[in-house]
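Okay, here's what each chain looks like letter by letter:
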Amino acid sequence: MPLLMSFRRWWAVIFFAILTLPTIGLVAPDLPAPLRTVAAPEARWWEDAARRLDPYINNVFGFRGAVLTAHRSYVRFIGDTQGDLALKGENGSLFLKDEHALEQSLGQLVRPEAVTSIVSLAERMNAYMTAHGGRFVVLIPPNGHTTNFENLPAYARRLKVSPTEYDLVAEKMKAAGITFVDMRPILAEAKKTGPVHWRYDTHWNQRGQLLGFNAAMAAAGRPDLEVKPEDALGPPEPRLTGDLLRATGSPVPNPPDVMFPPKGPMVAPKDPKLIPGIFKPVPDNDPFQPYAIDTGHAGPRIMVIGDSFSQGSWRGLGVSQASAYAWMHHRYCRFEMGAVERFKPDILIYAPTERAMPCKGTPAE
């Protein structure tokens, strides 16, 4: 009598395939996953495997990216974030866990196709602006994980490798002859005299915003349009809010964050004179409403294609320095090129934040 009857042999094959799936998953292509917090088992793990080995197994199982992506989708479906939006770092700092920002800043996630797509888009925009006698600048506001690297958890700092996506974009932009602003050294130098990025928020603070705008103006060949910090920023004050605090329901921070109240040219105009016909209508519930403003004074026509890092924070600065100032969201490279053609900027700035650099879908033509 055979060990397994013929009708059961297929079940044996199926069971064997299921049991080998985790092993295959260790070497097969996988979806991007959150950073591994344990890179190796503890010493002499066999003496207390349940405590010393389990954390390592939980970080290296097969198809980890697919499993964690499915789990994240499930908990969002049932309305439970499980604190999944924020990573707690040193000194109480909070960092965004979404959009693979941590892995991107550490060089653990590098997507060559993403780098190629944004550089290709920049080449086309640069050619357009050159043909029309204007200046084109690419400026990437870094993730908070990049700017406040020293406040990341110790395990994350140890996992930093090079090159990162930001490194590759900077290298390839310069090789392509694109005017590119690498904000990382600018912000690092400024941090010696004060914070440039919120501790409990995903965005840069008012100092970082001003540094970014001034760097863009200098790169465009118009250092005369830079705004002095003493003219735009008030003395530091405590700040007790932040988007990551709100998202996680965390208590009021101690120590509090630091803000620099905007003043003068950094304050957005209350009743700007809007220029009609530049942008196609967007839904009223879209948080990224484009705008074009006629300032009524001399200056170049400046247009920014960016996101929440520049949407409101550069509005007052742009209006104070330009004869007309416009802003629209980059839509991950899918912005409306027709709006650029209608506005006819003298200076065009493409400024997606680091985690929003990768293009999604077909870039603007």
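Whatever comes next refers back to the structure up there.
Please read these numbers as outputs of a predicted model, since none were measured by experiment.

Focus on the sheet that holds strand S11 (residues 347-350)
Pairing is mixed across the open sheet formed by seven strands, whose spatial order is S4-S3-S11-S9-S10-S8-S7. Each of the sheet's edge strands pairs with one partner strand only, and the pair in question is strand S4 (180-182) and strand S7 (273-274). Two elements, strand S3 (residues 135-140) and S4, share three bridges in a ladder whose sense is parallel. Residue pairing in the sheet places Leu139 in a bridge with Val181 of S4. Against the sheet, helix H10 (residues 183-190) contacts S3 and S4, and its axis sits at roughly 35° relative to S4.

Concerning the pattern of salt bridges
In the structure shown here, the tally under the stated rule is twelve salt bridges. Residue Asp224 pairs with Arg222 through a salt bridge whose shortest N-O separation is 2.7 Å. Arg222 sits in the partly exposed class, given a relative accessible area of 29%. Residue Asp286 pairs with Arg331 through a salt bridge whose shortest N-O separation is 2.9 Å. You can see Asp286 sitting in the loop between S7 and strand S8 (291-294) and its partner Arg331 sitting in the loop between strand S10 (324-329) and helix H15 (337-343), a full 45 residues away along the chain. In the salt-bridge network here, residues are joined through shared partners; they are Asp167, Asp182 and Arg184.

Quick notes on the environment of Ile302
If you trace the backbone, Ile302 turns up in strand S9 (residues 301-306). Judged by its relative accessible area of 0%, Ile302 is buried. Each C-alpha atom, one on Ile302 and one on Tyr325, is 5.0 Å from the other, the two residues being 23 residues apart in sequence. Those residues in contact with Ile302, other than ones at most four positions away along the chain, are Met217, Leu225, Ala322, Ala324, Tyr325, Ala326, Phe343, Ile347 and Ile349.

Here we look at H10
An α-helical segment advances 3.6 residues per turn. Residues three or four places apart therefore align on the same side. Buried within H10 we find Met183, Leu187 and Ala190. End-on view of H10: buried residues confined to an arc of 60°, all on one side of the axis.

Rules and cut-offs
Residues numbered from 1 in each chain as written. Predicted model: local features only at pLDDT ≥ 70, side-chain atom pairs only at ≥ 80, totals over all residues. Heavy atoms only, no water. Pairing = 2+ DSSP bridges. Helix = DSSP H or I, 4+ residues; strand = E, 2+ residues; numbered from the N terminus. Contact = heavy atoms within 4.5 Å. Axes fitted to C-alpha atoms, helices over the stretch in contact; angles between N-to-C directions. Salt bridge = Lys/Arg side-chain N within 4 Å of Asp/Glu carboxyl O. Buried < 20%, exposed > 50% of the residue type's maximum accessible area, 1.4 Å probe, protein only. Arc of directions from axis to C-beta.

Geometry only, nothing functional implied.
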